[in-house]
Amino acid sequence: KMLGSLGSSSIASFQIASQVFQMSYIPGIAFMITMSMLVGRLMGAAQTDLLWHVAARVAATALTCAGALGVAVFYFAQEIAVFFSPNDLAVASSAAFLIKIVAVNQFIVMLNFMFRGYLNGVKQTTFLMIASVVTTYGVFLPLSYIFAITYSHGLLGAYAGVVTWNVVDTLVNAWRSRLIAKRLRQEKAISDAVSDVIEEVTS
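Here we summarise the structure given alongside this text.

Procedures and definitions
The numbering scheme is per chain: residues are counted from 1 as the chain's sequence reads. Reporting of local features is limited, given that this is a predicted model, to residues whose pLDDT is at least 70; pairs of side-chain atoms are given and counted only at 80 or more, and all residues count toward the totals for whole chains, interfaces and linings. Hydrogens and water molecules were not included; the side-chain quantities draw on all heavy atoms of the structure. A helix here means a DSSP run of H or I that spans at least four residues, while a strand means a run of E at least two residues long, and both kinds are numbered starting from the N terminus. Radius of gyration: C-alpha atoms only; globule rule: 2.2 Å multiplied by the number of residues to the exponent 0.38. The cut-offs for exposure are 20% and 50% of the maximum accessible area for each residue type, with area from a 1.4 Å probe on protein chains only; residues under the lower value are buried, those over the upper are exposed, and the others partly exposed. For this analysis, residues touch if any pair of their heavy atoms sits within 4.5 Å. When charges are counted, neither His nor the chain ends are considered; positive counts come from Lys and Arg and negative counts from Asp and Glu. Here the site of a charge means NZ on Lys, CZ on Arg, CG on Asp, or CD on Glu. For helices, the fitted line uses only the C-alpha atoms of the stretch in contact; every axis is such a line through C-alpha atoms, and the angle between N-to-C directions lies from 0 to 180 degrees. When describing relative orientation, an angle under 35 degrees is termed roughly parallel and one over 145 degrees roughly antiparallel, while 65 to 115 degrees is termed roughly perpendicular and anything else oblique. Gly falls in the polar group here, along with every residue not listed as nonpolar (Ala, Val, Leu, Ile, Met, Phe, Trp, Tyr, Cys, Pro) or charged (Asp, Glu, Lys, Arg).

**Some remarks on the overall build of the protein**
- Summing up its helical and strand segments, the protein has six helices and zero strands in all.
- In terms of overall size, the protein is more extended than a compact globule, its C-alpha atoms giving a radius of gyration of 21 Å where 203 residues would be expected to give roughly 17 Å.
- Counting over 203 residues, the protein shows a buried share of 37%.
- Pairs at least 24 apart in sequence give 76% of the contacts found in the protein among residues at least 6 apart.
- Charged side chains in the protein number 12 positive and 9 negative. The centres of these two groups are separated by 8 Å.

Below you can see the structure in the form of structure tokens.
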């Protein structure tokens, strides 16, 4: 309804940019699932000392992929937009600008996926659900409306709300991941200390 008030051209441009985002979204889902499975497996094997090392390697690979994909999408944004809208160059031009924003934003989304995969692997699903609801309805929708409608920035304003939301959501998940990693390291240190004491006593 919000985009509808901006006109049919805005809706068309948004749909094109959304299609590009959905296609570039798929690798992020795959890497998030990989992160979640590997972290969950290490948790099940009580190898929490390896969690951050493994998570960092998966994240590095994922962000490299996101960077390469983002550069390609950014560079060919105009060609991609014209492919979707060959008969309306005004829509294609508007969509090309949005596609460039999508390309940059995709890197942020991939980083967020890495934190979400990590948190899912360490059984923080309740936190993820609550954080997602709070940031979506507390940041995404209000800011998109304010930027797009209240301040009359149109599609650019709507996407400014989207990018801001992704940054906030990523920071929240990064903060929680850091807390969990710190807690797990402390628990591992205590467990190792207790094991050393028991070994000394029994020997």
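Still more ground to cover, so stick around.
**A word on the packing of helix H2 (residues 51-75) against helix H3 (residues 77-84)**
- Contact geometry of H2 with H3 gives a least axis separation of 4 Å together with a crossing angle of 65 degrees. One way to sum up the angle between H2 and H3 is to call them roughly perpendicular. On the side of H2, the interface is formed by Val 73, Phe 74 and Tyr 75, while H3 contributes Ala 77, Glu 79 and Ile 80.
- Split by residue class, the contact of H2 with H3 holds five nonpolar, no polar and one charged.

**Focus: the environment of Ser 195**
- Inspection of the secondary structure assignment puts Ser 195 in helix H6 (residues 154-202).
- For Ser 195, a relative accessible area of 38% gives the class partly exposed.
- In the structure, Ser 195 is positioned 57 residues away from Gly 138 in sequence and 46 Å away in space, judged by C-alpha atoms.

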